[in-house]
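Structural description and commentary
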Amino acid sequence: MSLKISRITANIGARVSGVDISRPLEAQEVSAIREALGVHKALVFDDVDLDDAGQQAFARHFGDLTTAHPTVGAVDGAPNVLPVDSEQGSANHWHTDVTFVLNPPQASTLRSITLPPYGGETLIANAAAAYRDLPEPLRRFADTLWAEHTNDYDYAVPQEDIDEQKAAQRAEFTSITYRTAHPVVRVHPLTGERGLFIGGFAQRIAGLSVGESRRVLDLLQAYVTRPENVLRHSWSENQLVLFDNRITQHYAVDNYDGRPRRLHRVTVAGDVPVGVEGKESYSVEGDASHYTPVPAAA
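The following paragraphs examine the structure supplied in this document. Because the structure is predicted, anything quoted here is derived from the model rather than measured. (Residues numbered from 1 in each chain as written. Predicted model: local features only at pLDDT ≥ 70, side-chain atom pairs only at ≥ 80, totals over all residues. Heavy atoms only, no water.)

1. A closer look at the overall build of the chain
Looking only at helices and strands, the chain has six helices and 16 strands in total. Taking the principal axes of its C-alpha atoms as reference, the chain extends roughly 50 × 45 × 40 Å. Of all 298 residues assigned to the chain, the portion counted as buried reaches 50%. Long-range pairs, those at least 24 residues apart, make up 82% of the contacts in the chain with a sequence separation of at least 6. Per element, the accessible surface of the chain, about 13500 Å² overall, is 49% carbon and sulfur. In the chain, the 27 positive side-chain charges and the 39 negative ones have mean positions that sit 6 Å from each other. (Helix = DSSP H or I, 4+ residues; strand = E, 2+ residues; numbered from the N terminus. Buried < 20%, exposed > 50% of the residue type's maximum accessible area, 1.4 Å probe, protein only. Contact = heavy atoms within 4.5 Å. Areas by Shrake-Rupley, 256 points an atom, 1.4 Å probe, with all protein chains shown as cover. Lys, Arg positive; Asp, Glu negative; His and termini not counted. Charge placed at Lys NZ, Arg CZ, Asp CG, Glu CD.)

2. Some details on the pattern of salt bridges
In this structure the tally under the stated criterion is 18 salt bridges. When the shortest N-O distance is used, the salt bridge between Asp 52 and Arg 111 registers 2.5 Å. Here Arg 111 lies in strand 5 (residues 107–114) and Asp 52 lies in helix 2 (residues 52–60), a separation of 59 residues in the sequence. A residue is classified by how much of its surface remains accessible, and Asp 52, at 18% relative accessible area, is buried. Of the charged contacts, one joins Arg 139 and Glu 136 as a salt bridge, the two residues approaching to 3.0 Å between their closest N and O atoms. Here Glu 136 and Arg 139 lie together in helix 4 (residues 136–143), a separation of three residues that amounts to about one turn. Overall, Arg 139 belongs to the partly exposed group, its relative accessible area being 23%. Where salt bridges share partners, they join Arg 186, Asp 244, Arg 246 and Asp 271 into one cluster. (Salt bridge = Lys/Arg side-chain N within 4 Å of Asp/Glu carboxyl O.)

3. So, the environment of Thr 109
Summarising the element assignment, Thr 109 is placed in strand 5. Taking the C-alpha atoms as reference, Thr 109 lies 15 Å from Glu 121; in sequence the two are 12 residues apart. Here Thr 109 is in contact with Gln 55, Phe 58, Ala 59, Leu 240, Val 241, Leu 242, His 264, Arg 265 and Val 266, once residues within four sequence places are set aside. A polar contact of 3.0 Å, which involves the side chain of Thr 109, links it to the side chain of Gln 55. (Polar contact = N/O pair within 3.5 Å; in protein donor to acceptor, adjacent residues only side chain to side chain.)

4. Concerning the sheet that holds strand 16 (residues 282–285)
In space, the four strands of this open sheet follow the order 11-7-8-16, with antiparallel pairing throughout. Because the sheet does not close on itself, it has two edges, and the strands there are strand 11 (202–205) and strand 16. In this sheet, neighbouring strand axes are inclined to one another by 30° on average, regardless of whether the strands run parallel or antiparallel. In the sheet, strand 7 (residues 146–150) pairs with strand 8 (residues 179–183) via five bridges, with the strands oriented antiparallel. What sits directly across from Glu 148, in strand 8, is Ala 181. (Pairing = 2+ DSSP bridges. Axes fitted to C-alpha atoms, helices over the stretch in contact; angles between N-to-C directions.)

5. Quick word on the nonpolar core
Among the nonpolar cores identified, the biggest contains 27 residues, and Ile 21, Ile 33, Leu 43, Phe 45, Phe 58, Leu 240 and Leu 242 are the most heavily contacted of them. Only strand 2 (14–17), helix 1 (27–40), strand 3 (42–45), helix 2, strand 13 (240–244) and strand 15 (262–268) provide two or more residues apiece to this core. For this core, the element with the highest residue contribution is helix 1, accounting for five residues. When neighbours within four sequence positions are excluded, Leu 43 is seen to be in contact with Ala 14, Val 16, Ile 33, Ala 36, Leu 37, Leu 240, Val 241 and Leu 242. Of all hydrophobic cores here, the second largest spans 23 residues; its members include Leu 145, Val 185, Leu 196 and Val 224. (Core = buried A, V, L, I, M, F, W, Y, C linked by side-chain atoms within 4.5 Å.)

6. Structural notes on the packing of aromatic side chains
Each aromatic ring pair is described using two quantities: the centre-to-centre distance and the angle formed by the ring planes. What the rule picks out here adds up to six aromatic pairs. Positioned over the ring face of Phe 197 is Arg 186, at 4.9 Å from the centre of the ring. (Phe/Tyr/Trp six-rings, centres within 6.5 Å; stacked < 30°, edge-to-face > 60°. Lys NZ or Arg CZ within 6 Å of the ring centre and 35° of its normal.)

7. Description of the pairing of strand 1 (residues 4–7)
Across four bridges, the pairing between strand 1 and strand 2 is antiparallel. Within strand 2, the position partnered with Arg 7 by the bridge is Ala 14. Count of turn residues in the strand 1/strand 2 antiparallel hairpin: six residues, of which Gly 13 carries a positive phi of about 100°.

8. Observations regarding helix 1
Between its terminal C-alpha atoms helix 1 stretches 20 Å, which fits the 20 Å expected from 14 residues at 1.5 Å a residue. For helix 1, every residue scored as buried is listed here: Glu 29, Val 30, Ala 32, Ile 33, Ala 36, Leu 37, Gly 38 and His 40. Each element contacted by the buried residues of helix 1 is listed here: strand 1, strand 2, strand 3, helix 2 and strand 13. Positive phi shows up at Lys 41, right after helix 1, with a value of about 75°. (Expected span 1.5 Å × (residues − 1).)

9. Comments concerning the side chain of Asp 143
Following the sequence through the fold, Asp 143 ends up in helix 4. A polar contact of 3.1 Å, which involves the side chain of Asp 143, links it to the side chain of Arg 194. What Asp 143 contacts, discounting residues up to four positions off in sequence, is Tyr 131, Val 185, Arg 194 and Val 276.

Have a look at this one:
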């Protein structure tokens, strides 16, 4: 194999070269990419020759695909492809994709389509490194916690900033309410690593008030977003980024003055998260079976 993995930072990110991801991959190539993803959490592929069909074919090497999103519309003619478009708003908050459903995606792929002349980076954080950074008493505390994740929450956007278009987008995003309880510390099913499984959709800690929950979540989140744990990816044309959605968070930086910016996202269906004690996540409200099937219990 000519596949080469080059580390980008100490804690997260690697560049993959020597493989043409526009063609069907050999089993050993898929294995090498999956292993690299387990180590580096986010992988960058440069100069890719992919369209929507090719991006989906690449993502399928790692499992079945979800549809584009539980509530938001897909690219025309491509039900598994979500347009991440500046015209639809910017995801400039830390989050892990679709954690408000029972089995969020195991992996996400983002491909550059239209880029602004400056800015528009994507930040990706290593939630396993964040967990390791916690002082031991905080780690033991976090191990016991569960959080409710939901797509229906107070974005704290000033009323004057909500125009008709933004209100319509918000209504679409929350057209079906989802609430799911996940362990705050998730055990990765392949690597066995523990990672902080929180982010923007995590709104309340079980057994705590809203105010208490916010203080605890903010404390833990500060470890996730430490600069040492973050890859700041500057996009180039014909680029694809694959990241492990089970043990990362990401943030789209809104620093491009409203210029056009468009990525296409394809996500790989995931498993039900499991906490330190072996207990699985459970759904509180909302059926996402049209988005991703729940895998059968072993």
